[in-house]
Amino acid sequence: KCFGFILVGVGFLVFVKLNNGIVVGDRSAHEAVIHLPQILYFLIFCGGLMFPYVLQHIKNFPSFAARNFLFIAISGILLAAIVHYNTMGHPYLLADNRHFTFYIWRKFFLRHWSLKFVLVPAYITAAFCIINTLQKSQLMFRILFPVCLILSLAPQALLEFRYFIIPFILCRLQVKPA
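Presented here is an overview of the structure given in this document. What you see is a predicted model; the values in this text were computed from it and never measured. (Residues numbered from 1 in each chain as written. Predicted model: local features only at pLDDT ≥ 70, side-chain atom pairs only at ≥ 80, totals over all residues. Heavy atoms only, no water.)

## With respect to the nonpolar core
Here is step 1: Counting residues in hydrophobic clusters, the biggest one holds 35 residues, and the most contacted among them are Phe42 and Tyr123.
Here is step 2: At the level of secondary structure, the elements contributing two or more residues to this core comprise α2 (37-49), α4 (61-67), α5 (69-86), α7 (100-109), α9 (120-133), α10 (139-153) and α11 (162-173).
Here is step 3: Beyond its immediate chain neighbours, meaning those up to four positions away, tyrosine 123 contacts Leu40, Tyr41, Leu43, Ile44, Leu79, Val83 and Phe109. (Core = buried A, V, L, I, M, F, W, Y, C linked by side-chain atoms within 4.5 Å. Buried < 20%, exposed > 50% of the residue type's maximum accessible area, 1.4 Å probe, protein only. Helix = DSSP H or I, 4+ residues; strand = E, 2+ residues; numbered from the N terminus. Contact = heavy atoms within 4.5 Å.)

Rendered as structure tokens:
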């Protein structure tokens, strides 16, 4: 039953060995880094694409924030620190005007140093709404999805929406009708 999975895994390991790594192309532009704001960007991306489902939970956020003010405040401070110390602009992001993310970065994030902090409340709200949207999904998914999301997105220096597509689809498939 598992032969196909084993074959794919072995094939991947052979590829990595023969290629001297996982990168295909310019190795200097694809170095693994710790870029935690990628998770925050994903929250906005996912929240935007799941807006009809997220909208159901936005009305509950003010009461949650009032009951959990200390948690929200600490989360805001922690996220602001992550944004301050870990936001990075990849050379491809800053040079390639063929991508939508180039204009987001240039017209918003680079306009003023403080603008990157404006989105911290949106990150917290999006996280709250997405977590509540996924409450009816299986426990194993709720445990493993954040771990896999961090492992797949945080090592990426380049902000590209295509990196968010598969995690979004997996997240969206878990949304149960209300």
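## Concerning the packing of aromatic side chains
Here is step 1: For the coordinates displayed, the defined rule picks out 11 aromatic pairs.
Here is step 2: Ring pairing ties together the aromatic residues Phe42, Phe45, Phe141, Phe145, Phe161, Phe164 and Phe168, which thus form one cluster. (Phe/Tyr/Trp six-rings, centres within 6.5 Å; stacked < 30°, edge-to-face > 60°.)

## Digging into the packing of α2 against α9
Here is step 1: Running from N to C, α2 and α9 cross one another at 60°; their axes reach a closest spacing of 9 Å. In terms of orientation, α2 lies oblique with respect to α9. The element α2 and its partner α9 pack so that their crossing is left-handed. Contacts between α2 and α9 involve Leu40, Tyr41, Leu43, Ile44, Cys46 and Gly47 from the former and Ala122, Tyr123, Ala126, Ala127 and Ile130 from the latter.
Here is step 2: Of the residues in the contact of α2 with α9, the class split is 10 nonpolar, one polar and no charged. (Axes fitted to C-alpha atoms, helices over the stretch in contact; angles between N-to-C directions. Parallel < 35°, antiparallel > 145°, perpendicular 65-115°, else oblique. Left-handed = near helix turned anticlockwise from the far one by under 90°. Nonpolar A, V, L, I, M, F, W, Y, C, P; charged D, E, K, R; others polar.)

## Some thoughts on the pattern of salt bridges
Here is step 1: Counted according to the given criterion, the structure contains one salt bridge.
Here is step 2: Its salt-bridge partner being arginine 162, residue glutamate 160 comes within 3.9 Å of it at the nearest N-O pair.
Here is step 3: Since its relative accessible area comes to 10%, glutamate 160 is described here as buried.
Here is step 4: Taking relative accessible area as the criterion, arginine 162 reaches 52% and is therefore assigned exposed. (Salt bridge = Lys/Arg side-chain N within 4 Å of Asp/Glu carboxyl O.)

## Concerning a nonpolar patch on the surface
Here is step 1: A grouping of Phe12, Leu13, Phe15, Ile22 and Val24 is seen on the molecular surface, where their side chains present a nonpolar patch of about 520 Å² in accessible area.
Here is step 2: Topologically, phenylalanine 15 is positioned in helix α1 (residues 3-19).
Here is step 3: Overall, the relative accessible area of 33% leaves phenylalanine 15 in the partly exposed class. (Patch = residues over 30% accessible without salt bridge, like charges linked within 9 Å, V, L, I, M, F, W, Y side chains within 5 Å. Areas by Shrake-Rupley, 256 points an atom, 1.4 Å probe, with all protein chains shown as cover.)

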